[in-house]
Amino acid sequence: MSKPLKSYSIEELSNLFKEAGLPSFRVNQILEWVYAKGVNTYEDMTNIPKTMREQLGFAYLLTMATIDERLVSVDGSRKYLLRFHDGVVVETVGLPSKDGRLTVCCSSQAGCAMGCSFCATGRNGLVRDLAPGEIVDQLLVVQDDFGTRVTNVVIMGQGEPFANYDNLLAALRIMNHPKLLNIGARHITVSTCGLIAGIEKFAGEPEQFTLAVSLHAARQEVRDTIMPAMQNQRLGALRQSLEHYSSATGRRYSFEYALMKGVNDAEEDLDALITYCRRLLCHVNLIPLNEIEGMPMLPSGQETTRMWFDALEEEGIPVSVRRSRGADIFGACGQLANARRG
Ligand code: SF4
């Protein structure tokens, strides 16, 4: 069976076309049809000669994600269950802002192997990596559904992005390409649970993509419990890799910290976080945890969140509290897919 066109990076496709003796401007035309105009049949590529369209049809399967389910929140955000050509589904969220921005939270893998104890996706393990074009398809679907351009992307949906590094980077380059989705690199954020090798590689990429790290605990024993797959990515080594990241790129990154009652919100957790963040070029994002049915974790109260915010601010550590959106439409990643699985 022919391989999906969307499984290739821009570079790979250019090389394949070169080997086949096709002029390079044809690759650009095809990529523009697929990713800038979002067509899903070769017949629609009207500036490509008919014989070439037929050849392409034999050589590369042209696929497009379809919407299996779509939920609209009272706050305007929309959550989608998207299905790929082989039946695999992922979750994607579209988050419109009053100022006209449209942010997409996309998945980098179907399922996830990391097994974080507070995450609905982690419960069921990894299904498979997403291809570059499958990561980008999520933007195309949301863009089409909202009828407006995607301006910002956060890779914070299902999966650990750095566990699918090459496909992720290929997808980010399609999003960032001026003739394709033309989304500024600084408006694209990749959130990792802390894979050190991935952070180091990411620091060496020429584009100015933004980095976020899901920290969720600055005490090793707490992190080992709630993020078991990170036990071999020690907090000390993670800190060193982040120091290297900011000295290599000059860029600030953010720490995501979901406050969970009685799990990671004690005074010693706060002290450990303050110590951890000192002299780092970081920003702390405190996140109100979305409650998940069947999971014991509860969000910390507003008072605790406020206290953490004030304490971090007092220490001169940049901090914000993320507004929780879409709680009425299975806001937390993996919740919708799990609910449909039954
Ligand atoms: S929080 Fe992220 S890394 Fe952890 S299990 Fe869920 S999807 Fe995977």
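Everything numeric in this text was worked out from a predicted model, so none of it was measured. (Residues numbered from 1 in each chain as written. Predicted model: local features only at pLDDT ≥ 70, side-chain atom pairs only at ≥ 80, totals over all residues. Heavy atoms only, no water.)

(A) Spatial organisation of the overall build of the chain. Along the chain, the regular secondary structure elements total 11 helices and 14 strands. By the compact-globule yardstick of 20 Å for 342 residues, the chain fits well, its C-alpha radius of gyration being 21 Å. Oriented by its inertia axes, the alpha-carbon framework of the chain measures out at about 70 × 45 × 40 Å. Within the chain, residue pairs in contact and separated by at least 24 positions form 66% of the contacts whose partners lie at least 6 positions apart. Accessible area of the chain: about 15,300 Å², with a carbon and sulfur share of 50%. (Helix = DSSP H or I, 4+ residues; strand = E, 2+ residues; numbered from the N terminus. Rg over C-alpha atoms; globule rule 2.2 N^0.38 Å. Contact = heavy atoms within 4.5 Å. Areas by Shrake-Rupley, 256 points an atom, 1.4 Å probe, with all protein chains shown as cover.)

(B) Local environment of the packing of helix 9 (residues 267-277) against helix 10 (residues 302-314). With their axes 11 Å apart at the nearest point, helix 9 and helix 10 run at an angle of 30° to one another. Taken as axis vectors, helix 9 and helix 10 run roughly parallel relative to one another. In this structure, helix 9 crosses over helix 10, and the sense of that crossing is right-handed. The segment helix 9 lies against helix 10, with Asp269, Leu270, Leu273 and Ile274 engaging Met307, Trp308, Ala311 and Leu312. Each residue belonging to the contact of helix 9 with helix 10 can be placed in one class, and the counts come to 7 nonpolar, no polar and 1 charged. (Axes fitted to C-alpha atoms, helices over the stretch in contact; angles between N-to-C directions. Parallel < 35°, antiparallel > 145°, perpendicular 65-115°, else oblique. Left-handed = near helix turned anticlockwise from the far one by under 90°. Nonpolar A, V, L, I, M, F, W, Y, C, P; charged D, E, K, R; others polar.)

(C) Summary view of the pairing of strand 11 (residues 210-214). The buried fraction of strand 11 is high, at 4 of 5 residues. Pairing analysis gives 4 bridges linking strand 10 (residues 188-192) to strand 11, with the strands arranged parallel. Residue pairing across strands places threonine 189 opposite threonine 210, the latter belonging to strand 11. Tracing the backbone out of strand 10, into helix 6 (residues 196-203) and back to the parallel element strand 11 gives a crossover that is right-handed. As defined by bridge partners, strand 11 adjoins strand 12 (residues 253-259) across 3 bridges and the pair is classed as parallel. Bridging across to strand 12, valine 213 finds its partner in phenylalanine 255. (Buried < 20%, exposed > 50% of the residue type's maximum accessible area, 1.4 Å probe, protein only. Pairing = 2+ DSSP bridges. Right-handed = clockwise from strand over helix to strand, strands pointing away.)

(D) Highlighting the pattern of salt bridges. The final tally for this structure, using the stated rule, is 20 salt bridges. Close ionic contact of glutamate 91 with lysine 79 constitutes a salt bridge, the shortest N to O distance being 3.1 Å. With glutamate 91 in strand 5 (residues 89-96) and lysine 79 in strand 4 (residues 78-83), this pair connects stretches of sequence that are 12 residues apart. A residue is classified by how much of its surface remains accessible, and glutamate 91, at 4% relative accessible area, is buried. A residue is classified by how much of its surface remains accessible, and lysine 79, at 2% relative accessible area, is buried. Between arginine 173 and glutamate 205 there is a salt bridge; the shortest N-O distance is 2.9 Å. Taken together, the positions of arginine 173 in helix 5 (residues 165-176) and glutamate 205 in the loop between helix 6 and strand 11 put the pair 32 residues apart, joining distant regions of the chain. For arginine 173, a relative accessible area of 31% puts it in the partly exposed group. Residue glutamate 205 is classed as buried on the basis of its relative accessible area, which comes to 17%. (Salt bridge = Lys/Arg side-chain N within 4 Å of Asp/Glu carboxyl O.)

(E) Structural context of the environment of isoleucine 317. With respect to the element layout, isoleucine 317 can be found in the loop between helix 10 and strand 14 (319-321). Judged by its relative accessible area of 6%, isoleucine 317 is buried. Sequence spacing of isoleucine 317 and leucine 280 is 37 residues, and the spatial spacing of their C-alpha atoms is 8.9 Å. Those residues within four positions of isoleucine 317 in sequence are excluded, and the remaining contacts are Ile274, Cys277, Val284 and Leu312.

(F) Here's a closer look at the site of the ligand. Lining the immediate environment of the ligand, one finds Cys112, Met114, Gly115, Cys116, Cys119, Gly122, Gly159 and Cys193. Tallied by class, residues from the shell around the ligand come to 5 nonpolar, 3 polar and no charged. (Near = heavy atom within 4 Å.)

(G) A look at the pairing of strand 3 (residues 66-72). Pairing geometry for strand 3 and strand 4, over 6 bridges, is antiparallel. Each bridged residue has a counterpart across the sheet, and for threonine 66 the counterpart in strand 4 is arginine 83. What sits between strand 3 and strand 4 in their antiparallel hairpin is a turn of 5 residues, with glycine 76 showing a positive phi close to 95°.

(H) Representation of the side chain of serine 73 within the structure. As for its placement among the helices and strands, serine 73 is situated in the loop between strand 3 and strand 4. In terms of polar contacts, serine 73 uses its side chain to reach the side chain of aspartate 75, at 2.9 Å. (Polar contact = N/O pair within 3.5 Å; in protein donor to acceptor, adjacent residues only side chain to side chain.)

(I) Just the sheet that holds strand 3, in detail. Ordered in space as 3-4-5-6-9-10-11-12-13-14, the 10 strands form an open sheet in which the pairing is mixed. Edge positions in the sheet fall to strand 3 and strand 14, since each of these pairs with one other strand and no more. Each strand axis lies, on average, 20° off the axis of its neighbour in the sheet, ignoring direction.

(J) Main features of the environment of valine 127. On the secondary structure map, valine 127 appears in strand 8 (residues 126-129). Residue valine 127 is classed as exposed on the basis of its relative accessible area, which comes to 52%. As a C-alpha pair, valine 127 and alanine 113 span 14 residues in sequence and 8.5 Å in three-dimensional space. If near-sequence neighbours (up to four positions away) are discounted, valine 127 is found in contact with Val88, Ala110 and Gly111.

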